[in-house]
Amino acid sequence: MYPWHGSLAAWADRTGLHIDALGLVTILGSEEMDRSIGRLVPSVYFEYLPLLGAFVIAGNRFTKHQPGFTIYNASAGIMTTEIAGWFSRWLKCQPLHQVRSKVTWRVEERPPRWTAILIGFFLIGLPCNGILIAMTVLAGDWWGFANAMAMVVSVLVRCVLVAQNQAGINQRIKEAQGEAEEDKNRDQTEGPPTAPLKDPYEPAKVLVVTADSKAVHIEAPSYLIRPLFILNHAVPNERVYKFFQWIGWLAFAIHIVSIGMAALYTQIYTVVLLAVATIMTAQKIGCDDSQVRASWRSIWRHVDEDEVYDCWVTSKLKATVSAYPERFSRWDEAKPTNMTPKPAEVNVKPLRRQDLFVWLDLNDEQDKCMTAWGLIPYDETWVAEYKNKKVLHSNRVKGKGQDNK
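All values reported here derive from a predicted model rather than from experimental measurement. (Residues numbered from 1 in each chain as written. Predicted model: local features only at pLDDT ≥ 70, side-chain atom pairs only at ≥ 80, totals over all residues. Heavy atoms only, no water.)

Draft legend 1. Quick peek at the side chain of Thr-104. With respect to the secondary-structure elements, Thr-104 resides in strand β3 (residues 101–107). The exposure class assigned to Thr-104 is buried, which follows from its relative accessible area of 10%. Discounting residues that sit within four places of it in the chain, Thr-104 has contacts with Glu-219, Lys-318, Ala-319 and Thr-320. (Helix = DSSP H or I, 4+ residues; strand = E, 2+ residues; numbered from the N terminus. Buried < 20%, exposed > 50% of the residue type's maximum accessible area, 1.4 Å probe, protein only. Contact = heavy atoms within 4.5 Å.)

Below, the structure written as structure tokens:
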């Protein structure tokens, strides 16, 4: 027997120290929280509640690059497998179609989020956390009190780190806008440029292929593509960020030990609170991109059209998620009635990437880029069908425009 064993055992008996496997519960749900928190879209209802997997936040894992994504910027002729960490997680959390989804990004000013403060903090966060703290203090459960305070600190750390990342995106937008203005107003006194300058505010035609092979049309101002969606942003205050990371690790260590030492009622309340908040957050309840209301509307009203919704990532960056109508893939309906179908035109398969390339309305130079990237094959039949669909889609869009007039 080691000489220090008896001393440690006696100390444990005096203090009532007993560590069980309950602390392992705190590491569950880490993958879901990495994806949910990393997309930087908080829940109005559960933003101020503790969540499982707090070490994901303390370790800054929710901002890291994720493999499996490819961005094709046809407007600039650039292809890369690098994608911003927040953007990859945001795409993973959206109900995207295989080829019909379209995401339009705009720089706007978001209205104040008074609902999140009133409901999330005062009506949900403060009572749920306050009950646990009051309960442990009144019962003299100091291990439980340490557990409750550790969870409150983890909420504070998460809010600060997420806010810093959102501020980093806003700062990147401001810098990109400044560079775009310089490019647009560049002095031409030294002579005419060898090539016409492209408008940095012109929407870029971008295709993103996700890790699960979904092709998504991204429409955003050209000046935002590289600094916002490809490169990871930097946080405005690196020292504050690191400080709160260390605080997060300390709170996680206290939480994982104290939850096993707390009274039974404290443990039950803690597990229920963590589980409910984590599940609701993973399901995006109360988030801008929540699909709960849309699902209920589609069930009760039997709506077949795809839901269009807005999602604010920061106070300046808004995404509008929509989808090309499913009828756009029915090319036989786009043909004139007096047109005799050819064999290549009749052989139409719905939900193909070819259809998405048609909807993108690429020019000849952009088609060459797509061919060089291997997205358009060197197949005469495929190319003939693709060009024929482009003509049909152009006529369909023009006809729709005339009908609107």
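The rest of the description comes next.
Draft legend 2. Spatial organisation of the state of the cysteines. Taken as a whole and judged by the stated rule, the model has zero disulfides. Summary of cysteine pairing: Cys-311 is not part of a disulfide, and the nearest cysteine sulfur, belonging to Cys-287, is at 8.0 Å. According to the relative accessible area criterion, Cys-311 is buried, its value standing at 0%. (Disulfide = S-S within 2.5 Å.)

Draft legend 3. Region of the structure containing the nonpolar core. Of all hydrophobic cores here, the largest spans 57 residues; its most connected members are Trp-86, Phe-87, Trp-90, Trp-105, Phe-229 and Val-313. At eight residues, the largest contribution of residues to this core is made by helix α6 (residues 142–184). Not counting chain neighbours up to four residues away, the residues in contact with Trp-90 comprise Arg-39, Val-41, Val-103, Trp-105, Cys-311, Val-313, Ala-319 and Val-321. In this structure, Val-209, Phe-357, Val-358 and Trp-359 belong to the second largest nonpolar core, which totals 21 residues. (Core = buried A, V, L, I, M, F, W, Y, C linked by side-chain atoms within 4.5 Å.)

Draft legend 4. Region of interest: the packing of aromatic side chains. Taken as a whole, this structure holds 20 aromatic pairs when the rule is applied. Relative to Phe-229, the ring of Phe-87 lies with its centre 4.8 Å away and its plane at 55°, an arrangement referred to as tilted. A residue pair is termed long-range when its members are at least 10 positions apart, and Phe-87 in helix α4 (residues 85–92) and Phe-229 in helix α7 (residues 222–230) qualify at 142 residues. The class for Phe-87 is buried, based on a relative accessible area of 1%. (Phe/Tyr/Trp six-rings, centres within 6.5 Å; stacked < 30°, edge-to-face > 60°.)

Draft legend 5. The sheet that holds strand β5 (residues 215–221), seen in detail. Spatially, seven strands are ordered β2-β1-β4-β5-β3-β7-β6 in an open sheet, and the strand pairing comes out mixed. Looking at which strands have only one partner, the edges of the open sheet turn out to be β2 (78–80) and β6 (309–312). Averaged over all neighbouring strand pairs, the angle between strand axes comes to 20°, with direction disregarded. Note that strand β4 (residues 203–209) and β5 share seven bridges and pair antiparallel. Counted as the bridge partner of Val-208 is Val-216 from β5. (Pairing = 2+ DSSP bridges. Axes fitted to C-alpha atoms, helices over the stretch in contact; angles between N-to-C directions.)

Draft legend 6. Representation of unusual backbone geometry in the model. Phi angles above zero are rare outside glycine, and Asn-60 is one such case at about 60°. Within the secondary structure layout, Asn-60 lies in the loop between α3 (54–58) and β1 (70–73). For Asn-60, a relative accessible area of 13% gives the class buried.

Draft legend 7. Summary view of the pattern of salt bridges. Counting across every chain of the model gives twelve salt bridges. The residue Glu-385 makes a salt bridge to Arg-352 at a minimum N-O spacing of 3.2 Å. Of the two residues, Glu-385 is situated in helix α14 (residues 380–404) and Arg-352 in the loop between α11 (343–346) and α12 (353–360); the sequence distance between them amounts to 33 residues. Overall, the relative accessible area of 9% leaves Glu-385 in the buried class. What you see here is one network of salt bridges that share partners, running through Arg-352, Asp-355, Glu-385 and Lys-389. (Salt bridge = Lys/Arg side-chain N within 4 Å of Asp/Glu carboxyl O.)

Draft legend 8. Examining the packing of α6 against helix α9 (residues 264–282) more closely. Following both chains from N to C, one finds α6 and α9 inclined at 15°, their axes separated by 10 Å at the closest point. With respect to each other, α6 and α9 are oriented roughly parallel. Crossing handedness for the pair α6 and α9: left-handed. Residues Gly-144, Asn-147 and Met-151 of α6 touch α9, and the partners they reach there are Thr-266, Thr-270 and Leu-274. Its residues assigned to classes, the contact of α6 with α9 comprises two nonpolar, four polar and no charged. (Parallel < 35°, antiparallel > 145°, perpendicular 65-115°, else oblique. Left-handed = near helix turned anticlockwise from the far one by under 90°. Nonpolar A, V, L, I, M, F, W, Y, C, P; charged D, E, K, R; others polar.)

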